[in-house]
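Inside the fold
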Amino acid sequence: METLDRLKAKLGLDVIDTTTETLLKEYLDEASTAIKNYLDIDYESVLDSRFVSSQISLAFTYYNRDMAKNIKSESYSEGVVSQSVTYVSTNDYDVKEEQILNKLARYRRVHAKRR
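A positive phi angle is found at D40, which is not glycine, with a value near 60°. Within the secondary structure layout, D40 lies in the loop between helix 2 (18–39) and helix 3 (52–67). On the accessibility criterion, D40 (33% relative accessible area) is partly exposed.

Below you can see the structure in the form of structure tokens.
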């Protein structure tokens, strides 16, 4: 299954228009760039297949960050009418991105400087 198809499945999108498809491709590219930057891989190189799941998870996170309603929890009670809504902050998305990238730490390229 192609990366775009896997992202669409994870998002629960069956049929999408060309605008949404372009947007999803941009999120996949953004995720690919984030992984390459984290791992210190050349931007022109193709992302290794072992990083595709992380790329999809990051793209999913980016999509939710920009497109979702950002509601973390919601509650409602009847007696004396009460409603509570908790929203996801941008920090929550940053933490999620960091968690995904930290799983790739063992693949990071490390450089040692000589004196």
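The subject of this paragraph is a positive patch on the surface. On the surface, a cluster of positive charge is made up of R6, K10, K96 and K103. Mapped onto the fold, K10 is located in helix 1 (residues 3–11).

Compared with the 18 Å implied by 1.5 Å per residue over 13 residues, the 18 Å span of helix 4 (residues 90–102) between its first and last C-alpha is a close match. Looking at the packing, one finds that the buried side of helix 4 touches helix 2 and helix 3.

With that settled, the discussion passes to the side chain of Q55. As for its position among the elements, Q55 is in helix 3. Classification of Q55 as buried rests on a relative accessible area of 9%. Sequence-distant contacts of Q55, that is, excluding residues within four places in its chain, are made with T3, L28, A31, S32, I35 and L47.

Once that is clear, we can look at the packing of helix 3 against helix 4. The contact between helix 3 and helix 4 brings their axes to 10 Å, and the two run at 175°. By the angle between their directions, the pair helix 3 and helix 4 is classed as roughly antiparallel. Between helix 3 and helix 4, the residues in contact are S54, S57, L58, T61, Y62, N64 and R65 and Y93, K96, E97, I100 and L101, respectively. Tallied by class, residues from the contact of helix 3 with helix 4 come to five nonpolar, four polar and three charged.

What counts as what
- Sequence order as written defines residue numbering, which begins from 1 separately in each chain.
- Reporting in this predicted model follows two pLDDT cut-offs: at least 70 for local features of residues, and 80 or more for side-chain atom pairs to be given and counted; totals over whole chains, interfaces and linings ignore these cut-offs and use all residues.
- Heavy atoms from the whole structure form the basis of all side-chain values; hydrogens and water molecules are not counted.
- Runs of E in the DSSP output that reach at least two residues are strands. Runs of H or I that reach at least four are helices, and both are numbered from the N terminus.
- Each residue is assigned to one of three classes by its accessible area relative to the maximum for its type, calculated with a 1.4 Å probe on protein chains only: buried under 20%, partly exposed between the two thresholds, exposed over 50%.
- To count toward a patch, a residue needs a relative accessible area over 30% and no salt bridge; like charges are then connected within 9 Å, while nonpolar side chains (Val, Leu, Ile, Met, Phe, Trp, Tyr) are connected within 5 Å.
- The accessible surface values rely on the Shrake-Rupley method and a 1.4 Å probe; as for residues, cover is taken only from the protein chains in view.
- For salt bridges, the criterion is a side-chain nitrogen of Lys or Arg within 4 Å of an Asp or Glu carboxyl oxygen.
- All tallies of charge rest on Lys and Arg as positive and Asp and Glu as negative; His and the ends of each chain are not included.
- For this purpose, a charge sits on NZ of Lys, CZ of Arg, CG of Asp or CD of Glu.
- Between the first and last residue of a helix there are one fewer steps than residues, each counted as 1.5 Å, and that sum is the expected span.
- Contacts were defined at the residue level, with two residues in contact if any of their heavy atoms lie within 4.5 Å.
- Axes here mean lines fitted to C-alpha atoms, for a helix over just the part in contact, with angles spanning 0 to 180 degrees between N-to-C directions.
- Angles below 35 degrees are treated as roughly parallel, those above 145 as roughly antiparallel, those between 65 and 115 as roughly perpendicular, and all remaining angles as oblique.
- For this classification, the nonpolar set comprises Ala, Val, Leu, Ile, Met, Phe, Trp, Tyr, Cys and Pro, the charged set comprises Asp, Glu, Lys and Arg, and every other residue, Gly included, is treated as polar.

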